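Chain residues, written in single-letter form:
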Amino acid sequence: DTVRRVKAGAFTGDFRWWAVDGHYFLAAFVPGQPGASTLRVSESDDYFAVDRSRVETLRPGDERGTTLTFYIGPKILADLKATGLGLEKSVNFGTFAPLARLIHTTLLTFHKATKNFGWSIILLTFIIQAFVLPLTISSFRHGQKMKAVQPQMKRLQELYKNDARRLNVEMMELYKRHGLRFMGLEGCLPVFIQMPVFFALYNALRSTYELRHAPWIGWIKDLSLHDPFYVLPVLMGAGMFFQQKMSMASMDPSQRQIMYIMPVMFTFFFLKMPSGLVLYWLTSSLLGILVQVILTKRHAGERMAHLGHAAHGRVN
């Protein structure tokens, strides 16, 4: 039930099937009779070769034949499953395989309605952002608390500017009293929590035949390849920068500088990534900015209402 991926060597066992994997294509062979056999895999400059041998005892006049069933074609997951031989395991979904398979199935389902895998990825992003919305709201509230205690933090920094140990103790106590978490990573949690989705989508884009040569719009002719003009990575980096700027407004300046490095790192990291993956991250950043704007306006309205009630109470 397990699949071994090898490049060269000799292997002996009762194999259910063996194949030469061409990433998007598969040449698989299924023995007609069970039994142990030896497979010898050799590699040349341009191709792999597989030789199969098995030991047979024949008496004078005996005849023995063997049959092989084979599948040669694209690694379309539905077609591979239809064989009932477990050939679908030849599709390498990577570390987060169960999640990658779920994403692949979801994209195929959306594609039936959108007829375009680019829009299917955007629709998938909306759904994922809906799942992480409670965490985004929690991060926003945490940021507002941090902003509220900034004056107290500055006073502590002035009082204990020559005593770093005492300053750390007092700041930890301040965070504890207000129910705050240290390290300034609260605003990044919605990003970090999506990393498994990121890697799963990456493997789905680079490993599945259905997403090969899948176009989106304009210059994006293949979502499994990088953006040839690097437009999406630059837009994604800009979106991440503005998102970080909005969520890190309450942080210490030194911490903000560190967090602003992330968009630059991600931009260079995504330059050669599949454009479908960059599209997902860009859409995620834009939705994050939209949520931040809505929450900020809502918080400002609640604050004004609270001040109005307080002023009315003093007049009475």
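The rules behind these values
- Residues numbered from 1 in each chain as written.
- Predicted model: local features only at pLDDT ≥ 70, side-chain atom pairs only at ≥ 80, totals over all residues.
- Heavy atoms only, no water.
- Helix = DSSP H or I, 4+ residues; strand = E, 2+ residues; numbered from the N terminus.
- Patch = residues over 30% accessible without salt bridge, like charges linked within 9 Å, V, L, I, M, F, W, Y side chains within 5 Å.
- Areas by Shrake-Rupley, 256 points an atom, 1.4 Å probe, with all protein chains shown as cover.
- Salt bridge = Lys/Arg side-chain N within 4 Å of Asp/Glu carboxyl O.
- Buried < 20%, exposed > 50% of the residue type's maximum accessible area, 1.4 Å probe, protein only.
- Pairing = 2+ DSSP bridges.
- Axes fitted to C-alpha atoms, helices over the stretch in contact; angles between N-to-C directions.
- Parallel < 35°, antiparallel > 145°, perpendicular 65-115°, else oblique.
- Left-handed = near helix turned anticlockwise from the far one by under 90°.
- Contact = heavy atoms within 4.5 Å.
- Expected span 1.5 Å × (residues − 1).
- Nonpolar A, V, L, I, M, F, W, Y, C, P; charged D, E, K, R; others polar.
- Lys, Arg positive; Asp, Glu negative; His and termini not counted.
- Charge placed at Lys NZ, Arg CZ, Asp CG, Glu CD.

Draft legend 1. Broad picture of unusual backbone geometry. At histidine 23, a position not held by glycine, the phi torsion is positive, near 70 degrees. As for its position among the elements, histidine 23 is in the loop between β2 (18-21) and β3 (25-31). We note that histidine 213 has phi near 60 degrees; this positive angle belongs to a residue other than glycine. Following the sequence through the fold, histidine 213 ends up in the loop between α7 (195-207) and α8 (231-247).

Draft legend 2. Spotlight on a nonpolar patch on the surface. Judged by side-chain polarity, Leu123, Phe126, Ile127 and Phe131 come together as a nonpolar surface patch covering roughly 410 Å² of accessible area. For phenylalanine 131, a relative accessible area of 68% gives the class exposed.

Draft legend 3. Representation of the sheet that holds strand β1 (residues 9-13) within the structure. The 3 strands lie next to each other as β1-β4-β5, forming an open sheet whose pairing is antiparallel. Only two strands of the sheet have a single neighbouring strand rather than two, namely β1 and β5 (48-53). With direction set aside, neighbouring strand axes in the sheet form an average angle of 20 degrees.

Draft legend 4. Region of interest: the packing of helix α4 (residues 150-159) against helix α5 (residues 164-177). Interaxial distance between α4 and α5 falls to 10 Å at its minimum, and their mutual angle equals 165 degrees. Classed by the angle they form, the pair α4 and α5 counts as roughly antiparallel. In terms of crossing hand, the pair formed by α4 and α5 is right-handed. On the side of α4, the interface is formed by Gln152, Met153, Leu156 and Gln157, while α5 contributes Leu167, Glu170, Met171, Leu174, Tyr175 and Arg177.

Draft legend 5. Region of the structure containing helix α2 (residues 97-114). In this model, α2 (18 residues) spans 25 Å end to end at C-alpha, consistent with the 26 Å of a helix rising 1.5 Å per residue. Here the buried face of α2 lies against α1 (77-82), α3 (117-148) and α7. Of the residues flanking the end of α2, it is lysine 115, one or two places downstream, whose phi is positive at about 60 degrees.

Draft legend 6. Representation of the environment of methionine 171. Looking at where methionine 171 falls in the secondary structure, it is placed in helix α5. With 15 residues separating them along the chain, methionine 171 and leucine 156 place their C-alpha atoms 7.4 Å apart. The contact partners of methionine 171, leaving out residues within four places of it in the chain, are Met153, Leu156 and Gln157.

Draft legend 7. Molecular detail of the packing of α2 against α3. In contact at an axis separation of 8 Å, α2 and α3 are set at 120 degrees when each is read in the N-to-C sense. Judged on the interaxial angle alone, α3 and α2 are oblique. In this structure, α2 crosses over α3, and the sense of that crossing is right-handed. Two secondary-structure elements touch here, α2 through Ile103, Thr106, Leu107, Leu108, Phe110, His111 and Thr114 and α3 through Phe117, Trp119, Ser120, Ile121, Leu123, Leu124 and Ile127. Residue composition of the contact of α2 with α3, grouped by class: 10 nonpolar, 4 polar and no charged.

Draft legend 8. A positive patch on the surface, seen in detail. On the surface, Arg16, Lys81, Lys89 and Arg101 cluster together into a positively charged patch. Here arginine 16 shows up in the loop between β1 and β2. Since its relative accessible area comes to 48%, arginine 16 is described here as partly exposed.

Draft legend 9. Structural detail: the pattern of salt bridges. According to the stated counting rule, one finds 2 salt bridges in the structure shown. Salt-bridge contacts for aspartate 21 lead to lysine 75; the nearest nitrogen and oxygen are separated by 3.0 Å. One end of the pair, aspartate 21, is in strand β2; the other, lysine 75, is in the loop between β6 (68-74) and α1, with 54 residues separating them in the sequence. With relative accessibility at 39%, the residue aspartate 21 sits in the partly exposed group. Glutamate 170 serves as the salt-bridge partner of arginine 166, at 2.8 Å between the closest nitrogen and oxygen. Taken together, the residues arginine 166 and glutamate 170, both in helix α5 and 4 residues apart, mark about one turn of the helix.

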